[in-house]
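Residues per chain, in single letters:
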Amino acid sequence: MSLSHDVVIVGAGGAGLRAAIAVAEAEPRLSVALVSKVYPMRSHTVSAEGGAAGAISADDSLEEHAYDTISGGDWLCDQDAVENFVAEAPRELLRLEHWGCPWSREPDGHVAVRAFGGMKKKRTWFAADKTGFHLLHTLFQTSLKYSNITRYDEWYVSRLLVDDGRVCGVVALELMSGLIETITGRSVVIATGGGGRVFPFTTNAAIKTGDGMALAYRAGAPLKDMEFVQYHPTGLPFTGILITEAARAEGGWLLNKDGYRYLQDYDLGKPEPGPVLRSMELGPRDRLSQAFVHEMAKGRTINSPYGPVVHLDLRHLGERTIDAKLPMVRELCRDYERIDPVHELVPVRPVVHYMMGGIHTDRNGVTPLAGLFAAGETACVSINGANRLGSNSLPECLVFGARAGRAAALYAVEAPPPALAVEAQGDDERRRLDEDLLRRSDGPDRISSIRTEMQAILEDAAGIYRDGDSLTKATDKLRELKERAATAAVDDASRRFNTERVAGLELAGMLELAECILHSALRREESRGAHQRTDFPERDDKRFLAHSLAYRESGGSPRVSHLPVTITRWPPGKRVYGR
Amino acid sequence: MDQITLRVARYRPDDEETEPVLVDYDVPLRPDWAVLDGLNYIKDELDGTLSYRWSCRMGICGSCGMMVDGEPKLTCATFLVDLAPGPVRIEPLANFPVIRDLIVDLTDFMHKLSSVKPWLIRQDEQPVEDGEYLQTPAQLDEFKQFSMCINCMLCYAACPVYGLDGSFVGPAAIALAHRYDLDSRDEGDRQRLTILAQPDGVWDCTFVGECSTACPKGVDPAGAIQQAKLAAAQEAMKSLLLPWRSR
Ligand SMILES: Cc1cc2nc3c(=O)[nH]c(=O)nc-3n(C[C@H](O)[C@H](O)[C@H](O)COP(=O)(O)OP(=O)(O)OC[C@H]3O[C@@H](n4cnc5c(N)ncnc54)[C@H](O)[C@@H]3O)c2cc1C
Ligand code: SF4
Ligand code: FES
């Protein structure tokens, strides 16, 4: 059987749903396939807590949002894309309001905005601290209105169909039945989210395995700026559950083992009792996570069963503020740490949170492969540069999800239908998934053990601080691991809802991403934003005011080249916080 | 190290298993392990064939609902130490067809959700350029509780009416319809009330209240159903007394 639509969208999180609605509205005659490995409302966007940035206050301006984003990104953002982003974000957030999103409000009924890290003005829209949850459910429920969107829920995409350099569909595995089908389309949008699961300790859900990046990379598209991995400074130990930055924006403090607000020692400003924008606890994430490493080296962190931690102190905010503004923080601390932040200190440590890098696209989500588009965390436009500012990525999903959707619709209207020849690729894939993966119960390694080894390699070599030696060694270890992965055991030989087969496919993709991260990090001989090299501690604009592009060589390893950053109005400067 | 036994329902129709069987697995009993951590231990270390759904492991994606010792629970938010010494019985959510192991079929639930028109309905769409629809914090509070549903379906597993008659539209779908009905920006009440007043709608509910007890997010679907019944009754009265309204 072959399924056929005009536009195929892979991923039904914030970006994928927004893209699907954009196609449905731009070209109601087009039929849209929305393919997702989980039901849309399970997508990881649901976990986002803090908020979504869009300048609307009378005292705010698009220029200031752009400047905060570009300086926060250590001048690696493409400024033309940032200009589009800040201009369209408020509109997108308003559109979501019109679709029913329960944004938190001012007493007069207008939408309320809050402070966020690295932002000089209050411009973060929020729905208490369940912003991503409300955003995702609003988008999903709204999408149900459009009869030209056909959902393929719990279908896992394992390969792109490529005919003569043009992407014209996907091969997907229906989890419930185990059937493998081709879904063809005149254009394809990838919106599969990030890949934090490459690392051992992450805020990212189990499904965040970077599949879409691997799909595009294997089909020939380059991955951009993969060395930039964001550590969020405040994760709960063991689970890695995120305590949102909003906790600090509302006035939370970070304390070391002496109860001292240590950030004042790292050029992030002076401690004031209340929150000060772009200062101290409201500095950018890269700088805060780096400060933690230095405190640890000085022996000023606290030991916990799950490694060193510092304390987040919310007690002075009082029960009323915590319940009104941070109910989920209290709920998570109570349920998962058995701690009440109204009365107790919360142990936290830096945790892998977000991938700035991803599939190389332009401002319309267009990739270098004909017919292929990408948006959301899986794409790199790039507006996040070397360090994403909190609350910029939900609006990124909306702005660039909509742009990619419109561009893919336009392309589909003009493009000829896919060639019949691609069906043969479906047969190949069927053979690979059925014969290779379902007949491997005797492999020497377990999928889980290879995954654990991969995660350890990445944490060691590509963590908050890196150096050339460890990166080189890590690339060797990873190559060996990749070989072992090809023969790892798959215990489960059945077709119906075989989650182990999926885990094997996810692992293979993650190993490719891991290689791209290591190789791109090795080639970038400077320190910028989230990429800090102890052997090259300074930013080097002469050589590296440029994006890394990793291409897959025929042998399977990445080849990295560089592409200049687009500068429009903000020449590279020094990042200044707390002053 | 301390151990605890998980007694897990296995059902593999591909392997000609016609009935679910319970299989015991011993897993470490760690103070901060949720039931889900125990299942992940089984899958990673003991038996890669065990199938179940999970993702966020922070109680928000709604995928990990199962019966734990006979009660519907989010397994990522239910802790092993609270169930010690065990054994702990883990089964798929009650009242749903089972696809395999701990995985149930959501197809019907998804139809029910969309059947109540869960999107904002307006007579006139105001252009986005004109700014937001105003809504005071008090107006937001009217429906906020009912907007907190994570679609985990624990309430359906707890509902005796749904257990007897799968055509009942059910707690979460009614709560969702009610969420939009109470939203000051929405004008779709009458369309939704017509749907809810049909057979298999609100009137099927005998007010047992088990759904609200099971709900991990404090949504109170039972309250929503009672309020929706009242609204549906009033609407019916109005169309009797003021027949021109129903045109
Ligand atoms: C805990 C947490 C809190 C956050 N808080 C904030 C915040 O406050 N503000 C902010 O701006 N950002 C926040 N972020 C970041 C933000 O949530 C994400 O970057 C964003 O939601 C990503 O959305 P997405 O649509 O790109 O991907 P996702 O929501 O991850 O969706 C990916 C989709 O792709 C599908 N998919 C993946 N692989 C496949 C495959 N092989 N086949 C088929 N389908 C597939 C999945 O099923 C899913 O539907 C937070 C992130 C985390 C982890
Ligand atoms: S109402 Fe509660 S129990 Fe029912 S699906 Fe929603 S969150 Fe789950
Ligand atoms: S894993 Fe998401 S709710 Fe439990």
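- The name that an unreviewed UniProt entry assigns to chain B is succinate dehydrogenase, with the source organism given as Actinoplanes aureus.
- UniProt's Sequence similarities (unreviewed entry) comment on chain B is quoted here verbatim: "Belongs to the succinate dehydrogenase/fumarate reductase iron-sulfur protein family."
- In its Pathway (unreviewed entry) section, the UniProt entry covering chain B states "Carbohydrate metabolism; tricarboxylic acid cycle."

- Per an unreviewed UniProt entry, chain A carries the name Fumarate reductase flavoprotein subunit and comes from Actinoplanes aureus.
- Quoted straight from UniProt, the Sequence similarities (unreviewed entry) entry for chain A says "Belongs to the FAD-dependent oxidoreductase 2 family. FRD/SDH subfamily."
- Recorded in UniProt under Subcellular location (unreviewed entry), the annotation for chain A is "Cell membrane".

1. Quick word on the nonpolar core
Point 1. A:Ile9, B:Leu6, B:Val8, B:Leu39, B:Ile90 and B:Leu102 are the most contacted members of the largest nonpolar core, which totals 155 residues.
Point 2. Of all the elements, helix α10 (residues 393–414) of chain A adds the most residues to this core, at eight residues.
Point 3. If sequence neighbours within four positions are ignored, B:Val8 has contacts with B:Val21, B:Leu22, B:Val23, B:Tyr25, B:Leu39, B:Ile42, B:Leu50, B:Ile90 and B:Leu102.
Point 4. In terms of nonpolar packing, the next biggest core, distinct from the first, is built from 75 residues, A:Val157, A:Leu173, A:Val422 and A:Leu478 among them.

2. Regarding the packing of aromatic side chains
Point 1. According to the stated counting rule, one finds 13 aromatic pairs over all chains in the structure shown.
Point 2. Ring geometry for A:Phe373 against A:Tyr411: centres 5.8 Å apart, planes inclined by 70 degrees, an arrangement best described as edge-to-face. Note that A:Phe373 is positioned in strand β19 (residues 372–374) and A:Tyr411 in helix α10, a separation of 38 residues in sequence.
Point 3. According to the relative accessible area criterion, A:Tyr411 is partly exposed, its value standing at 25%.
Point 4. Among the aromatic side chains, those forming a connected cluster through ring pairs are B:Phe96, B:Phe109, B:Tyr156 and B:Tyr162.
Point 5. Between A:Arg114 and the ring centre of A:Phe126, over which it is positioned, the NZ or CZ distance is 4.1 Å.
Point 6. Here A:Arg338 stacks its cationic end above the ring of B:Phe79, 4.9 Å away from the centre of that ring.

3. A word on the pattern of salt bridges
Point 1. Tallied over the full model, the rule gives 75 salt bridges over all chains.
Point 2. Between A:Arg484 and A:Asp445 there is a salt bridge, with its nearest N and O atoms 3.2 Å apart. With A:Arg484 in helix α13 (residues 468–485) and A:Asp445 in the loop between α11 (423–438) and α12 (447–461), this residue pair connects regions lying 39 residues apart in the sequence.
Point 3. For B:Asp24, the salt bridge is made with B:Arg7, and the minimal N-O distance between the two is 2.8 Å. Taken together, the positions of B:Asp24 in strand β2 (residues 21–28) and B:Arg7 in strand β1 (residues 3–10) put the pair 17 residues apart, joining distant regions of the chain.
Point 4. Exposure remark for B:Asp24: the relative accessible area of 41% places this residue in the partly exposed category.
Point 5. Salt bridges sharing common partners tie together A:Asp74, A:Asp225, A:Glu227, A:Asp286, A:Arg524, A:Glu526, A:Arg528, A:Arg539, A:Asp541 and A:Arg575.

4. Comments concerning the sheet that holds β1(B)
Residue and element names in this part refer to chain B.
Point 1. Read across the sheet, five strands follow the order β2-β1-β5-β3-β4 without closing on themselves; strand pairing throughout is mixed. Of all the strands in the sheet, the pair left with one neighbour each is β2 and β4 (71–74). Strand-to-strand twist in this sheet, taken as the mean axis angle between neighbours without regard to direction, amounts to 35 degrees.
Point 2. For β1 and strand β5 (residues 88–91), the ladder comprises three bridges, and the chain directions are parallel. Counted as the bridge partner of Arg7 is Arg89 from β5.

5. Let's talk about unusual backbone geometry
Point 1. Looking along the chain, the bond that leaves A:Val381 and enters A:Ser382 is cis, with omega of 5 degrees.
Point 2. Following the sequence through the fold, A:Ser382 ends up in the loop between β20 (379–380) and α10.
Point 3. Here the amide bond leading from B:Gly86 into B:Pro87 is cis, since omega sits at -5 degrees, within 30 degrees of zero.
Point 4. Residues other than glycine seldom take positive phi values, yet A:Asp74 does so here, at roughly 55 degrees.

6. Side note on the site of ligand 1
All names here are of chain A.
Point 1. Taken together, the neighbourhood of ligand 1 is formed by 39 residues, with Ser36, Ser43, His44, Thr45 and Glu377 sitting nearest.
Point 2. In this structure, an oxygen atom belonging to ligand 1 sits 2.7 Å away from a side-chain N or O atom of Ser36.
Point 3. One of the side-chain N or O atoms of Arg388 is found 3.3 Å from a nitrogen atom in ligand 1.
Point 4. Coverage of ligand 1 by the protein chains reaches 99% of its 1000 Å² of free accessible surface.
Point 5. Secondary-structure elements contributing two or more residues to the shell around ligand 1 are α1 (14–26), β3 (32–36), β8 (155–163), β17 (346–355) and α10.
Point 6. Looking at the shell around ligand 1 residue by residue, the classes come out as 14 nonpolar, 19 polar and six charged.

The rules behind these values
- Residues numbered from 1 in each chain as written.
- Chains lettered and ligands numbered in written order.
- Predicted model: local features only at pLDDT ≥ 70, side-chain atom pairs only at ≥ 80, totals over all residues.
- Heavy atoms only, no water.
- UniProt positions renumbered as here; feature names shortened; annotations may be inferred.
- Core = buried A, V, L, I, M, F, W, Y, C linked by side-chain atoms within 4.5 Å.
- Buried < 20%, exposed > 50% of the residue type's maximum accessible area, 1.4 Å probe, protein only.
- Helix = DSSP H or I, 4+ residues; strand = E, 2+ residues; numbered from the N terminus.
- Contact = heavy atoms within 4.5 Å.
- Phe/Tyr/Trp six-rings, centres within 6.5 Å; stacked < 30°, edge-to-face > 60°.
- Lys NZ or Arg CZ within 6 Å of the ring centre and 35° of its normal.
- Salt bridge = Lys/Arg side-chain N within 4 Å of Asp/Glu carboxyl O.
- Pairing = 2+ DSSP bridges.
- Axes fitted to C-alpha atoms, helices over the stretch in contact; angles between N-to-C directions.
- Near = heavy atom within 4 Å.
- Polar contact = N/O pair within 3.5 Å; in protein donor to acceptor, adjacent residues only side chain to side chain.
- Areas by Shrake-Rupley, 256 points an atom, 1.4 Å probe, with all protein chains shown as cover.
- Nonpolar A, V, L, I, M, F, W, Y, C, P; charged D, E, K, R; others polar.

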